[in-house]
Amino acid sequence: MKHIIIPVASLIAGLALGAGGMFFYERQFGAAPVQAKAAPSPSREDSEILPAFKVRAPIVAGDGTLETYVVFTVQLAVAKTAAETAPEQLPVILNEINMRTYEAPLAQGPDGRMPSVKIFRDLVLAAAKPILGQGVLTNVMVTDVVIGQTEPL
């Protein structure tokens, strides 16, 4: 009987101490914070497409070796409220894209010379969102891909 009473008493004491600690913590620091709702992103009707710009990106394999260079033509769709100020931010966005392409392995295919357009699109989206602001960027479109391009843009 003694072998059963000690574990049961320990379990009851542990539950009581845990519940008391939770009660004390809630009284001291308040309830858990409520998550703020994200602002709804503008719909496609409320957005404007910026002029296309070109981005030269290195195609890097997973092991870090440079395979080739690719020129992507990119267009950004932004909210109409930010359509006037967004073109001024394109040089900063282009710089951020260039900084991120050297870290992302874009090589795909058996020879490693084909770029992953989905990874590049996600990279542009991640680079442009913090610069333009939350809820401003509605879409990123990669409209053209030229492989092996090394001439000036």
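Residues numbered from 1 in each chain as written. Predicted model: local features only at pLDDT ≥ 70, side-chain atom pairs only at ≥ 80, totals over all residues. Heavy atoms only, no water.

## Side note on the nonpolar core
Here comes step 1: Core analysis: the largest hydrophobic core is formed by 27 residues, its most contacted members being Val74, Leu76, Val78, Ile97, Phe120 and Leu132.
Here comes step 2: Looking at this core, the elements that each hand over two or more residues are β2 (53-60), β3 (66-79), α2 (90-101), α3 (117-132) and β6 (137-147).
Here comes step 3: Those residues within four positions of Phe120 in sequence are excluded, and the remaining contacts are Val55, Ala57, Phe72, Val74, Ile97, Thr101, Leu106 and Val142. (Core = buried A, V, L, I, M, F, W, Y, C linked by side-chain atoms within 4.5 Å. Buried < 20%, exposed > 50% of the residue type's maximum accessible area, 1.4 Å probe, protein only. Helix = DSSP H or I, 4+ residues; strand = E, 2+ residues; numbered from the N terminus. Contact = heavy atoms within 4.5 Å.)

## A word on the side chain of Asn139
Here comes step 1: Its location among the elements puts Asn139 in strand β6.
Here comes step 2: What makes Asn139 buried here is its relative accessible area of 14%.
Here comes step 3: Here the side chain of Asn139 touches Arg121 through a polar contact of 3.0 Å, side chain to side chain. (Polar contact = N/O pair within 3.5 Å; in protein donor to acceptor, adjacent residues only side chain to side chain.)

## Thoughts on the pattern of salt bridges
Here comes step 1: Applying the stated criterion across every chain yields a total of 3 salt bridges.
Here comes step 2: Across the pair Lys118 and Asp122 runs a salt bridge whose closest N-O atoms are separated by 2.9 Å. With Lys118 and Asp122 both in helix α3, this residue pair falls 4 residues apart, about one helical turn.
Here comes step 3: By relative accessible area, which is 33% here, Asp122 ends up partly exposed.
Here comes step 4: Salt-bridge contacts for Arg121 lead to Asp122; the nearest nitrogen and oxygen are separated by 3.8 Å. (Salt bridge = Lys/Arg side-chain N within 4 Å of Asp/Glu carboxyl O.)

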